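# Fold and geometry: a report
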Amino acid sequence: QCGFKAFKRTISAGIFSEQRIFSYAFDIEILYLAKRNGLKIAEVPVEWFNSSDSKVNPLIDAPKSLIDLITIRLVHARESGSLLEKVLHRIYKKRTFAKFATVGLTGAFVDYSTFFLFTRFFHLSALQANPLSVEIAIIWTFAFNNLWTFSHRNKQRHLYKKFLAFQTVTLGGLMISQMQILLYTHYFSVFDLISKLLSIPVVAVFNYTVNSRWTFHPEKLNNKTSFYFLLLVGGLIVVYLILVRELTGSFSLFVNR
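Note that the structure is predicted; figures quoted are calculated from it, not measured. (Residues numbered from 1 in each chain as written. Predicted model: local features only at pLDDT ≥ 70, side-chain atom pairs only at ≥ 80, totals over all residues. Heavy atoms only, no water.)

## Overview of the overall build of the chain
Within the chain, the regular secondary structure consists of nine helices and zero strands. In sequence order, the secondary structure elements of the chain are arranged as α-α-α-α-α-α-α-α-α. Against the globule reference of 18 Å for 257 residues, the chain gives a C-alpha radius of gyration of 25 Å, more extended than a compact globule. Viewed in the frame of its principal axes, the chain has a C-alpha envelope of about 85 × 45 × 40 Å. (Helix = DSSP H or I, 4+ residues; strand = E, 2+ residues; numbered from the N terminus. Rg over C-alpha atoms; globule rule 2.2 N^0.38 Å.)

Next up, the structure:
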């Protein structure tokens, strides 16, 4: 990654128009694009006066470059290429969901581990521990989704409004989780930790679908649209309470059974 590079304007303009990396490894992307487009790349001798005052930090810049290399491969993957190209193109096309899923996996770990802690060390019931573990995971996942997954949409709404919307959406996800755990444990007699594990995939799909269309929507939504999402969450709460009543005889969000 020598800092000295030269380009022929007549043939390199098209390459730079395809550029997507503007950080430390931009030159690697340019070389990659040049090679893919069949351009000639050569090393030529120049007089070079080295400066010992380098700002490159191997511990910080090396991982950044590695991430850029992966990004370059994903961004420029072709849909009509080899099987690997097609897979990479598909991953990049669904990159927002991939990021959300990655954050969701870490959130699921936080959720599941705190659920285990509350049920095994604080002796809470599954339906009591679940809301607490979910709330901790909410804060965790909101922070990472806001800073990473949907960072390109951050200018649309105030942070507190997004958090309230995220909290509301996740409340709907919690109701779906509670209903599943309730059915698994009370109706099918499934072990509580397995019930919790089985509930995660459905909740993840619900949370991504609604959050991407409401919480982190790239445009400001009208009040009517927001009302429909609130109505959806409210309906899930009602359905859960009815289910609790039918299966346990209790009419509460937190069942100690």
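## Looking at the packing of aromatic side chains
Per the stated rule, a full pass over the model turns up 13 aromatic pairs. Measuring from ring centre to ring centre gives 5.1 Å for F142 and F163, while their planes differ by 75°; the resulting arrangement is edge-to-face. Residue F142 is found in helix α6 (residues 126-149), and its partner F163 is found in helix α7 (residues 159-187); the two are separated by 21 residues along the sequence. Judged by its relative accessible area of 27%, F163 is partly exposed. An angle of 65° between the planes, with centres 6.2 Å apart, marks the rings of F166 and F216 as edge-to-face. Residue F166 is found in helix α7, and its partner F216 is found in the loop between α8 (192-213) and α9 (223-248); the two are separated by 50 residues along the sequence. (Phe/Tyr/Trp six-rings, centres within 6.5 Å; stacked < 30°, edge-to-face > 60°. Buried < 20%, exposed > 50% of the residue type's maximum accessible area, 1.4 Å probe, protein only.)

## Description of the packing of α7 against α8
Relative orientation of the contacting elements α7 and α8 amounts to 150°, with a least axis distance of 8 Å. Between α7 and α8, the angle falls in the class roughly antiparallel. You can see that α7 and α8 cross each other, and the crossing is right-handed. Seen from α7, the contacting residues are F166, V169, T170, G172, G173, I176, S177, Q180, I181, Y184 and T185; seen from α8, they are D192, S195, K196, L198, S199, V202, V203, F206, N207, V210 and N211. Of the residues belonging to the contact of α7 with α8, the class tally is 10 nonpolar, 10 polar and two charged. (Axes fitted to C-alpha atoms, helices over the stretch in contact; angles between N-to-C directions. Parallel < 35°, antiparallel > 145°, perpendicular 65-115°, else oblique. Left-handed = near helix turned anticlockwise from the far one by under 90°. Contact = heavy atoms within 4.5 Å. Nonpolar A, V, L, I, M, F, W, Y, C, P; charged D, E, K, R; others polar.)

## A closer look at the confidence of the model for the chain
Of the residues in the chain, 93% reach a pLDDT of 70 or more, and the chain-wide mean stands at 83. Element-level pLDDT for the chain is lowest in helix α4 (residues 83-93), with a mean of 79, against a maximum mean of 89 in helix α2 (residues 26-36). (pLDDT = per-residue confidence, 0-100.)

## A word on the packing of helix α3 (residues 58-75) against α4
Interaxial distance between α3 and α4 falls to 8 Å at its minimum, and their mutual angle equals 100°. The pairing of α3 with α4 is recorded here as roughly perpendicular in orientation. Contact residues: α3 offers R73, L74 and V75, while α4 offers L84, E85, L88, I91 and Y92. A per-class count over the contact of α3 with α4 returns six nonpolar, no polar and two charged.

## Re the side chain of K196
One can find K196 in helix α8. By relative accessible area, which is 1% here, K196 ends up buried. Beyond its immediate sequence surroundings of up to four residues, K196 is in contact with D111, Y112, F115, N130, S133, V134, S177 and I181.

## Overview of α8
Since one α-helical turn is 3.6 residues long, residues separated by three or four positions face the same way. Taking 1.5 Å as the rise per residue, α8 with 22 residues should run 32 Å; its terminal C-alpha atoms sit 32 Å apart, in good agreement. A maximum bend of about 30° is found in α8 at I200, where proline P201 lies one to four positions downstream. Within α8 the residues assigned to the buried category are D192, L193, S195, K196, S199, V203, F206, N207, Y208, V210, N211 and S212. Here the buried face of α8 lies against α5 (95-120), α6, α7 and α9. (Expected span 1.5 Å × (residues − 1). Bend = angle between axes of the 7 residues up to and from the residue.)

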